[in-house]
Protein chains: 2
Amino acid sequence: MYKLIELQTGVCSAQGFFADGISAGLKSNNAEDMAFIYSQIECEVASVFTTNKMTAAPIRHFRAKGEFKTNFILINAKNANAMTGKVGIEDIDTILTTLPKVVINPVMSSTGVIGVRLPQEKIIKGAKLFDLTKKEPNAAAKAIMTTDSFSKQKAFKVELEDGSTFSIGAMAKGAGMINPAMATMLCFITTDADVSKVEMQEILDEVTITTFNAASVDGDTSTNDTVMLLSNKVSGAYNRDGFKEALTKIMLFLAREMVRDGEGATKLVTYKVTGATNDADAEVVAKALSNSLLVKTALYGEDPNWGRIASTVGASGVEANEETLSISFNSLCVYDTGKLLFDETMEVEASKIMKLDTFSISCDLGLGEGKFTSFGCDLGYEYVKINADYRT
Amino acid sequence: MYKLIELQTGVCSAQGFFADGISAGLKSNNAEDMAFIYSQIECEVASVFTTNKMTAAPIRHFRAKGEFKTNFILINAKNANAMTGKVGIEDIDTILTTLPKVVINPVMSSTGVIGVRLPQEKIIKGAKLFDLTKKEPNAAAKAIMTTDSFSKQKAFKVELEDGSTFSIGAMAKGAGMINPAMATMLCFITTDADVSKVEMQEILDEVTITTFNAASVDGDTSTNDTVMLLSNKVSGAYNRDGFKEALTKIMLFLAREMVRDGEGATKLVTYKVTGATNDADAEVVAKALSNSLLVKTALYGEDPNWGRIASTVGASGVEANEETLSISFNSLCVYDTGKLLFDETMEVEASKIMKLDTFSISCDLGLGEGKFTSFGCDLGYEYVKINADYRT
């Protein structure tokens, strides 16, 4: 039916897309701090934005455009253009009018400190350095990083039975949903698939639930969280299942990479909640676990403290009870429907699992069919250091 | 109408109440680890318990009794008797039957590790050391501590116009709502006021909202959280306003002391939220602020990062917008209804406030009359150390 082939060309994987990152002097050390994505053909846009009420100016600017096609995204790091009121919107307009004539309905996206006006002149000068014929996805992916310790990209070509192909490529930033002052996660996805705007939005919404919305570093939602999916349709090819599978693989990979790169994180833990009364309850529990400070510090201490898992399930507010609950670390069941299994032998086994970089914690609530899987990391000294000392 | 006089005699302040703490070998170093409260006269009991669904055995045991009067509370530290199923209840029954004959309908309360059976023999032996003629409130208050770094007591005598008096005294443990594995907050309050059970419960419920339920160290709710208020009515005196004021002062003091003693906490911050659409919204925002990891680490770093405050307000989900929001550190307004005030001079002023041990952060949402005040602390390396290394 279709075949997925992984590509290493990020947001330049789909035909007709160009991208690059340059240094405009926003970051120190001449690091890349501005990026563009350009398509020769105008694109349909699907998007998911933060639910934070203090929505940053670039998101308000995007929304005010109503229905539109674009061929250009301008992204800057170091300044979120959030809490900047009308001036924040005006600054975007000023900057976008200086772009070359080939640019149609450009979109801006920002990440960085909240509550400071954009350094307009630097950004306008920086944009003049863009060469729209460049295909440098790595430089673009590096430019959008803030506290990230590595850049994040993923791309697939989808090959259909009749030999036709389309591609999807993405880049993301965000050392987790953890740093609103730095404006947290951004993700840009480009495709040449011949997909309608409506269908693209529908699939993006659905896939977001189990990927970016299932990933947490500290449970905070920033002013700037953005996922944008651009389609220029130039491949002329499309297959819904193939598109959805590739997009899911891309977004799941990027979501997990963000958590793995969570500030100070040393572990990536998957919380598999099953047996809840319904999926919504399972989601509440899975997110409570990935956000619990007590669970996160126990992970950091490599302490198989299943009591904290049980207590967090109980504190989440959904229907649950100790008689039907079971808890496992990977495949090791440490608590089984009211039976205290945990002894010294089991502690040794459980401790070994806790020392792994990646493992799963499963909670079966034993009540129904509801299930949800979330991703989280531990919280250690490094998180405190990064977040306490950030501005000083 | 009435006068409040502070006493230094904790849970032995009200007439007819005895208390002491002894060492049963549950803690190391012969530290006190079991306490009792005894009244010669049977008491009405009002109570507030955890909302955690994994309710610990002592709370389930209490609830199963239905309507009852008691003259004895037995409290142990180091073991929460939580996630212990039916055996946990049976263990309580076994222990309580060994108490002296003068004890009527005894109640047990536990705090400590989750998921381990009570050390029955030690507790039964320990209870035999109790001397019911002792008035040692300090020893009792020390015995119920777990990760607390100091004991917490408060008491008032209420003097009415006719010269009659009644007293209320309390002790509490809990280095914050921060340590479910250690079973978190317990508070025991004794009074000789001639108050009905119904009225006592009504006032306790009301006062809990703005005191213990407004205090947070890490937003976790334990399996064992308990507030018990015992009245033996022996003073024959009562005045609702005086009773409520004294109880509020006691519970507010203890709630703030718990937060101040939050694991690794160096600051006590009061979040005053006003101008919300309604009180419920204000409560959501106030608790979001006191629980936000990003706000807590900024406090620890003494960083006047008002952008994180704004973002947390926005992320809380209630109605809010940047055009009507104002933020102050103590009386210093750092953001005023859409206007960016923050400059280097203000940063110097704000940084001075952030270096204080105790200060307030006010958020006026500018939308309505809703208000709520919460208490929180910072989160630093010491919190991670205590919680990551606890069992190792």
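Residues numbered from 1 in each chain as written. Chains lettered and ligands numbered in written order. Predicted model: local features only at pLDDT ≥ 70, side-chain atom pairs only at ≥ 80, totals over all residues.

When helices and strands are tallied, chain A shows eleven helices and 15 strands. Here chain A has a C-alpha radius of gyration of 22 Å; the compact-globule value for 392 residues is 21 Å, and the two agree. If you line up chain A on its principal axes, its C-alpha atoms span 70 × 60 × 30 Å. Taking all 392 residues of chain A together, the buried fraction comes to 60%. Sequence separation of 24 or more characterises 81% of the internal contacts of chain A that already satisfy a separation of 6 or more. (Helix = DSSP H or I, 4+ residues; strand = E, 2+ residues; numbered from the N terminus. Rg over C-alpha atoms; globule rule 2.2 N^0.38 Å. Buried ≥ 20, exposed ≤ 12 C-beta atoms within 10 Å, placed from the backbone. Contact = placed C-beta atoms within 7 Å.)

Below, the discussion takes up the confidence of the model for chain A. Residue and element names in this part refer to chain A. The share of residues in chain A with pLDDT of 70 or more is 96%, and the mean pLDDT across the chain is 92. Within the model, pLDDT remains below 50 along residues 177–183, and this stretch shows 46 contacts once partners closer than five positions in the same chain are excluded. Predicted as a complex, the structure gets a pTM of 0.89 and an ipTM equal to 0.87. (pLDDT = per-residue confidence, 0-100.)

Taken together, the contact pairs 52 residues of chain A with 50 residues of chain B. Counting only elements with at least two residues in the side of chain A that touches chain B, the list comes to α8 (293–300), α9 (306–315) and α11 (381–388) of chain A. Here the side of chain A that touches chain B gets nine residues from one element, more than from any other, and that element is α9(A).

On to the sheet that holds strand β14 (residues 358–364) of chain A, then. Residue and element names in this part refer to chain A. Across the sheet, six strands lie side by side as β13-β12-β11-β14-β10-β15; this open sheet has mixed pairing. The sheet is open, and its two borders are formed by β13 (339–340) and β15 (370–377), each paired with just one other strand. Sheet analysis places strand β11 (residues 326–329) next to strand β12 (residues 332–336), joined by four bridges and oriented antiparallel. Residue pairing in the sheet places S328 in a bridge with C333 of β12. (Pairing = 2+ DSSP bridges.)

To continue, consider unusual backbone geometry. Residues and elements named next belong to chain A. Here the phi dihedral of M83 falls at roughly 60 degrees; this positive angle occurs in a residue that is not glycine. When you line up the elements, M83 lands in the loop between β4 (70–76) and α2 (85–97). Since 27 C-beta atoms lie within 10 Å of it, M83 is described here as buried. Although it is not a glycine, N105 adopts a positive phi angle of roughly 50 degrees. With respect to the helices and strands, the residue N105 is situated in the loop between α2 and β5 (107–110). You can call N105 partly exposed: it has 14 C-beta atoms within 10 Å.

Let us look at helix α2 (residues 85–97) of chain B. Residues and elements named next belong to chain B. Those residues of α2 not exposed but buried are G88, D91, I92 and I95. Down the axis of α2, the sector holding all buried residues measures 100 degrees, keeping them to one side. Summarising the geometry of α2, the exposed residues directed more than 90 degrees from the buried face are K86, D93 and T97. At its buried positions, α2 is contacted by α1 (57–64), β5 (107–110) and α3 (120–127). (Arc of directions from axis to C-beta.)

All names here are of chain A. Counting buried positions along strand β10 (residues 268–276) gives seven out of nine residues, so the element sits mostly inside the fold. In this sheet, β14 lies alongside β10 in parallel orientation, the contact comprising seven bridges. Residue pairing for β14: Y271 is matched across the bridge by I361. In this sheet, β15 lies alongside β10 in antiparallel orientation, the contact comprising seven bridges. The residue bridging Y271 from the neighbouring strand is S374, located in β15.

Residue and element names in this part refer to chain A. By the element assignment, K197 lies in helix α5 (residues 197–210). Between the alpha carbons of K197 and S231 there is a distance of 8.2 Å; along the sequence they are 34 residues apart. What K197 contacts, discounting residues up to four positions off in sequence, is E44 and A46.

Of the transformation placing chain A onto chain B, the axial shift is 0.0 Å and the rotation is 180 degrees, giving an RMSD of 0.0 Å. Between the two chains, the operation in question is that of a two-fold axis. Across chain A, the smallest distance between a C-alpha and the rotation axis is recorded for Y381(A), namely 2.8 Å. Most of the interface of chain A is mirrored in chain B: 96% of its interface residues are interface residues there too. (Least-squares fit on C-alpha atoms with pLDDT ≥ 70 in both.)

So, on to the domain arrangement of chain A. Residue and element names in this part refer to chain A. Here chain A is partitioned into domain 1 (2–256) and domain 2 (268–388). Averaged C-alpha coordinates put domain 1 and domain 2 at centres separated by 33 Å. Taken together, the contacts link eight residues of domain 1 with ten residues of domain 2. In terms of residue class, the side of domain 1 that touches domain 2 is built from four nonpolar, three polar and one charged. (Domains from an automatic or database assignment. Nonpolar A, V, L, I, M, F, W, Y, C, P; charged D, E, K, R; others polar.)

Turning to the sheet that holds strand β10 (residues 268–276) of chain B, a few remarks are in order. Residues and elements named next belong to chain B. The six strands are arranged β13-β12-β11-β14-β10-β15 in an open sheet whose pairing can be described as mixed. This sheet does not close on itself; its edge strands, each paired only once, are β13 (339–340) and β15 (370–377). Taken strand by strand, helix α7 (residues 279–291) contacts β10, β14 (358–364) and β15, and its axis lies near 15 degrees from that of β15. (Axes fitted to C-alpha atoms, helices over the stretch in contact; angles between N-to-C directions.)

A few words now on the packing of α8(A) against helix α11 (residues 381–388) of chain B. Running from N to C, α8(A) and α11(B) cross one another at 75 degrees; their axes reach a closest spacing of 8 Å. Taken together, the axis directions place α8(A) and α11(B) in an arrangement best described as roughly perpendicular. From α8(A), L294(A), T297(A), A298(A) and Y300(A) reach across to α11(B), where they touch V384(B), N387(B) and A388(B). (Parallel < 35°, antiparallel > 145°, perpendicular 65-115°, else oblique.)

Pairing geometry for strand β11 (residues 326–329) of chain B and β14(B), over four bridges, is antiparallel. For I327(B), the partnering residue across the bridge sits in β14(B) and is C363(B).

Another aspect to go through is the environment of E90(B). Residues and elements named next belong to chain B. Tracing the backbone shows E90 in helix α2. Residue classification places E90 among the partly exposed residues on the basis of 15 C-beta atoms within 10 Å. Sequence separation between E90 and D162 is 72 residues; the distance between their C-alpha atoms is 49 Å.

Topologically, A310(B) is positioned in helix α9 (residues 306–315). In sequence terms A310(B) and G66(B) are 244 residues apart; their C-alpha atoms lie 46 Å from each other. What A310(B) contacts, discounting residues up to four positions off in sequence, is M54(A), M83(A), I114(A), G115(A), E322(B), L325(B), I327(B) and Y335(B).

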